[in-house]
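A look at the structure
Listed here are the chains, written in short residue letters.
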Amino acid sequence: MYRRRDLFSLGLTTPFLVRRAHGQRRYSLLLKGGRVIDPSQGLNAVRDVAVADGKVAAIEPDISPREAERTVPVPGQLVVPGLVDLHVHGFEGMSYWGLDIDQHCVTRGVTTAVDGGTSGADSFDGFRRLVIRPARTRILAFLNISRIGLVGRPGELVDMRMIDADVALKAAREHEDVIVGIKVRCGADLTGPNDIHALRTARKVGDAIGKPLMIHLGNPHSPTEALVREARPGDMFTHSFRAPGTGGVADKDGNIPGYVLDAAKRGIHFDVGHGIGGFAFATAEAALKVGLLPSSISTDIHAPSALGPVFDMPTTLSKFLMLGLSLDKVIELATIAPARLISRSAEFGSLRPGFPADIAVLELVQGDFSFFDASRSVRKHNQKLVSVLTLREGRLP
Ligand SMILES: [Zn+2]
């Protein structure tokens, strides 16, 4: 089931493997001695995790290696549900933003990646065939309300003809198993004066399929307050914690206005969506100070941001450790919390027995690290999360 070649390529050489040649084993794989952090079941303890038939089979204080075909000792490492990144961009070569999701996600602890609207109705069929179907990462997607999606860099909603509820709804219904909501990018350069019209069209489609909106914030044509007032409980904003005065949750003085806090109380979510312009330490600090936590931590990893300052999901999570969130909270905001936001918490985001064995083994490395936000502000911290090993349905990618 596991090709040795795969294990070698991940730096796991024979001494780390306890190989058992004979007899019937209950489990295909055993991760032994790691610290399991699974916020979906309030678990933070040293536990063994056994996998069978691609699913989590058992989590116990001590499971014998005799019961498993393979044992990987992971003492001192963190065993967490496979990370769920709510905002990525696939479709390499087709979109200005697109990258190879497997190369940047399942190799870095992310077993579920949600595409943030790279495709609209006109290209979703291709996105499904060429990106979703062959990937090892589980890929879901927000459908862009612009029928052309993000082929080019600017202006997918400037031309009103690109905003068509009927074509979007047809695509959303045809691909309803993988579409988790509707994406609208609200930025003056992206929409011209059409932002509210695009939002309301997206709402129509979202209502018809019973799914929320993901709304990109960034120097919008309409005031941010007007966009927040259009949102309904269950919707999520992304790039929320961008630099003060650029259309995110912080005004130009760096304060979090009351209408944002009221919206959070009403059940409107504020996702991170770091990217190359969507995240500033100063805004995150101001938000945390008034009790506004991100509802989910996502990367907005795409072709430019993968080269920095995003790099990958563990680096993005490390920035929130630096900002003072607990390790348990950070893992929650990257596993069960995003799974809940897209109504998939019965399918992934947890290590409860019976769930797919989507598992990230991470290490919290100690040292002297510099972290950069999207404005290239720098903060130092003495800890950093790195990906050690990822299992997708019990298998190495
Ligand atoms: Zn994005």
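Structure shown above.
Calculation rules
- Residues numbered from 1 in each chain as written.
- Predicted model: local features only at pLDDT ≥ 70, side-chain atom pairs only at ≥ 80, totals over all residues.
- Buried ≥ 20, exposed ≤ 12 C-beta atoms within 10 Å, placed from the backbone.
- Helix = DSSP H or I, 4+ residues; strand = E, 2+ residues; numbered from the N terminus.
- Arc of directions from axis to C-beta.
- Contact = placed C-beta atoms within 7 Å.
- Pairing = 2+ DSSP bridges.
- Right-handed = clockwise from strand over helix to strand, strands pointing away.

1. Let's talk about helix α4 (residues 165-174)
Among all positions in α4, only A168, A171 and A172 are buried. One face of α4 carries all of its buried residues, which in axial projection span an arc of 100°. Opposite the buried face of α4, at more than 90 degrees from it, the exposed residues are D166 and R173. Looking at the buried residues of α4, the elements they touch are α3 (124-132), β9 (138-144), β10 (179-186) and α6 (195-209).

2. A few points about the pairing of strand β8 (residues 110-116)
Taken across its 7 residues, β8 has 7 buried, putting it largely inside the fold. By the bridge criterion, 4 bridges tie strand β7 (residues 83-88) to β8 in an arrangement that is parallel. In the strand pairing of β8, V84 is matched with T112. Across 5 bridges, β8 lies against β9 in parallel orientation. Bridging from a neighbouring strand, T112 pairs with R138 of β9. Chirality of the crossover, the property in question, places the unit of β8, α3 and β9 among those that are right-handed.

3. Describing the sheet that holds strand β13 (residues 269-270)
Taken in spatial order, the 7 strands make up an open sheet running β7-β8-β9-β10-β11-β12-β13, and their pairing is parallel. Each edge of the sheet is formed by a strand with only one pairing partner; in this case those strands are β7 and β13.

Take it as geometry only, folks, not as evidence of what the structure does.
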